[in-house]
Amino acid sequence: MPAYSLNDLAAFATVAGQGSYTRAAAALGTSKSNLSHTIRRLETALGYRLLQRTSRSVAPTEAGEALLATLAPALETISAVLDDLDRNHDQVTGTLRITATRQAYEAVIQPMLADFLSDHPRAVVEVLVDYAYRDIVADRLDAGIRLGEKLEQDMVALRVGPDLRMAVVAAPSYLTAKRAPVRHPHDLLAHRCINYRMVRAGTIYAWEFEQAGRALDVQVPGPLIFNDPELMLAAALDGLGVGYLLDHEVAPHVEAGRLVRLLADWTPPFPGFHLYYPSRRQMRPILRAFIDRLRQGRQDGSAPSG
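Scoring rules and cut-offs
- Residues numbered from 1 in each chain as written.
- Predicted model: local features only at pLDDT ≥ 70, side-chain atom pairs only at ≥ 80, totals over all residues.
- Heavy atoms only, no water.
- Salt bridge = Lys/Arg side-chain N within 4 Å of Asp/Glu carboxyl O.
- Helix = DSSP H or I, 4+ residues; strand = E, 2+ residues; numbered from the N terminus.
- Buried < 20%, exposed > 50% of the residue type's maximum accessible area, 1.4 Å probe, protein only.
- Core = buried A, V, L, I, M, F, W, Y, C linked by side-chain atoms within 4.5 Å.
- Contact = heavy atoms within 4.5 Å.
- Pairing = 2+ DSSP bridges.
- Axes fitted to C-alpha atoms, helices over the stretch in contact; angles between N-to-C directions.
- Phe/Tyr/Trp six-rings, centres within 6.5 Å; stacked < 30°, edge-to-face > 60°.
- Parallel < 35°, antiparallel > 145°, perpendicular 65-115°, else oblique.
- Nonpolar A, V, L, I, M, F, W, Y, C, P; charged D, E, K, R; others polar.

Student: Is there a simple way to think about the pattern of salt bridges in this case?
Tutor: Any two side chains of opposite charge can pair, given that their charged atoms come close. In total, this model carries eleven salt bridges according to the counting rule given. Of the charged contacts, one joins Arg53 and Glu43 as a salt bridge, the two residues approaching to 3.5 Å between their closest N and O atoms. With Arg53 in strand β1 (residues 51–53) and Glu43 in helix α3 (residues 32–46), the pair connects residues that are ten residues apart, well separated along the chain. Its relative accessible area of 31% is what places Arg53 among the partly exposed residues. Between Arg159 and Asp163 there is a salt bridge; the shortest N-O distance is 2.7 Å. A relative accessible area of 30% places Arg159 in the partly exposed class. A relative accessible area of 39% places Asp163 in the partly exposed class. The structure contains a network of salt bridges with shared partners spanning Arg102, Glu106, Glu230 and Glu249.

Spelled out as structure tokens, the structure:
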């Protein structure tokens, strides 16, 4: 590690530019003696003199001129970037990167997206559809939307949707052919079920049930495994097996008679979608604006019902 810092180099550039320790000290908000000590420390660390001092002025040595030729443009670039960051500190600009499941996108983001982009024309929203839980810090994401019960404890979480329910469903054609009754979750062990693979965990999801406070997980059998709920729904509609999907996604098909709901008394509501992010401190303006728009949507009643 060098025995000097960027601040030491900036101090040298200021003295060289001002041609005076007195004027440079005033510009930097420090004392002349502290500034002289800084330059001596820098010269000692580098092993050569940078400034030639006379009774009337200060000028760079040949070595100082060589250093200044590279250092000055670099400091100007850093200064310009910092000025630009300061100007944009409260402006909603840049790219907001969010991870969400397709269901979370359709339920939470899609209804407010047009208004958000209209209000903030310099904003870019990048949605990464993924069904696994993402480490948003490691993956350089701004936020994620997942089910509230699945979130890590160290995340800041904001509820952005109503409670949800799961639904066990099957096509009438499947039930007619199978005929085995389904009155208890364990009855599913005699059926062909459509399973969901949690890719990142590398496991098959166990269907979760609850009745009168009693929780029950069932690892169901079946010839089909997907990692996309949309394909699972299509397979259930095709009569290929029993599906386990979000209630509001299957509701239109249940109402139309294309699917039959099973075990309704074993699938109570659970916490719905939450937006999660790592810290409230130094939040990017674009994320703050996005959260404000989500809150406004919930107050206006525009969030979809589960």
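Student: What should I look at first to understand the nonpolar core in this one?
Tutor: General note: in soluble globular proteins, nonpolar side chains tend to be found buried as a group. Core analysis: the biggest nonpolar cluster contains 64 residues, and Ile145, Leu188, Trp207 and Phe209 have the highest contact counts within it. At seven residues, helix α5 (residues 102–119) tops the list of elements feeding residues into this core. In contact with Trp207, not counting residues within four places along its chain, are Val168, Leu188, Cys193, Ile194, Asn195, Leu216, Asp217, Val218, Val220, Val242, Gly243 and Tyr244. Counting residues in each nonpolar core, the second largest holds 18 residues, with Ala13, Tyr21, Leu68 and Leu75 among its members.

Student: Help me out: how do you make sense of the environment of Ser279 in this one?
Tutor: Note that Ser279 resides in the loop between β15 (273–277) and α9 (285–299). Taking C-alpha positions, Ser279 is 9.7 Å from Ala157, a pair spaced 122 residues apart along the chain.

Student: Looking at this structure, I do not really get the environment of Pro111. What am I missing?
Tutor: Considering the arrangement of structural elements, one finds Pro111 in helix α5. Expressed as a C-alpha distance, the spacing of Pro111 and Gly297, which sit 186 residues apart in the sequence, is 8.4 Å.

Student: I'm lost on the sheet that holds strand β12 (residues 224–226) in this one. Help?
Tutor: Strand pairing in a sheet relies on backbone hydrogen bonds, with the paired strands running either antiparallel or parallel. Ordered by their spatial adjacency, three strands build an open sheet running β9-β8-β12, and the pairing between neighbours is mixed. Whereas interior strands pair on both sides, the edge strands pair on one side only; in this sheet they are β9 (203–204) and β12. Relative to β12, strand β8 (residues 194–198) runs parallel, the two being bridged by three bridges. What sits directly across from Tyr196, in β12, is Phe226. Taken strand by strand, helix α7 (residues 229–237) contacts β8 and β12, and its axis lies near 170° from that of β8.

Student: Would you take a moment to explain the packing of aromatic side chains for this structure?
Tutor: Here the structure, examined in full by the defined rule, presents five aromatic pairs. Ring centres 5.0 Å apart and planes at 15° place the aromatic pair Trp207 and Tyr244 in the stacked group. Of this pair, Trp207 sits in strand β10 (residues 207–211) while Tyr244 sits in strand β13 (residues 243–246); the two residues are 37 residues apart in sequence, bridging distant segments of the chain. Classification of Trp207 by relative accessible area gives buried; the value is 1%. Overall, Tyr244 belongs to the buried group, its relative accessible area being 6%. On the basis of an interplanar angle of 65° and a centroid distance of 5.7 Å, the ring pair of Phe209 and Tyr244 is categorised as edge-to-face. Of the two residues, Phe209 is situated in strand β10 and Tyr244 in strand β13; the sequence distance between them amounts to 35 residues. Here Phe209 matches Tyr244 in class, with each residue buried. Clustering of aromatic rings is evident, with ring pairs tying together Tyr205, Trp207, Phe209 and Tyr244.

Student: Teacher, can you tell me more about unusual backbone geometry here?
Tutor: Trans peptide bonds make up most of the peptide bonds, and negative phi angles are found at most residues other than glycine. Its identity is not glycine, yet Arg140 carries a phi of approximately 55°, on the positive side. Along the chain, the position of Arg140 falls in the loop between β4 (123–129) and β5 (143–147). Here Leu263, not a glycine, exhibits a phi torsion of approximately 55°, which is positive. Looking at Leu263, the relative accessible area reads 7%, which means it is buried.

Student: Can you help me understand the packing of helix α2 (residues 21–28) against α3 in this one?
Tutor: A pair of packed helices can be characterised by two numbers: the angle between their axes and the separation between those axes. As a packed pair, α2 and α3 sit with axes 9 Å apart at the nearest point and diverge in direction by 100°. Relative to α3, the element α2 lies roughly perpendicular. Counting all contacts with α2, which are made through Tyr21, Thr22, Ala24, Ala25 and Leu28, the residues of α3 involved are Lys32, Leu35, Ser36 and Ile39. Looking at the contact of α2 with α3 residue by residue, the classes come out as six nonpolar, two polar and one charged.

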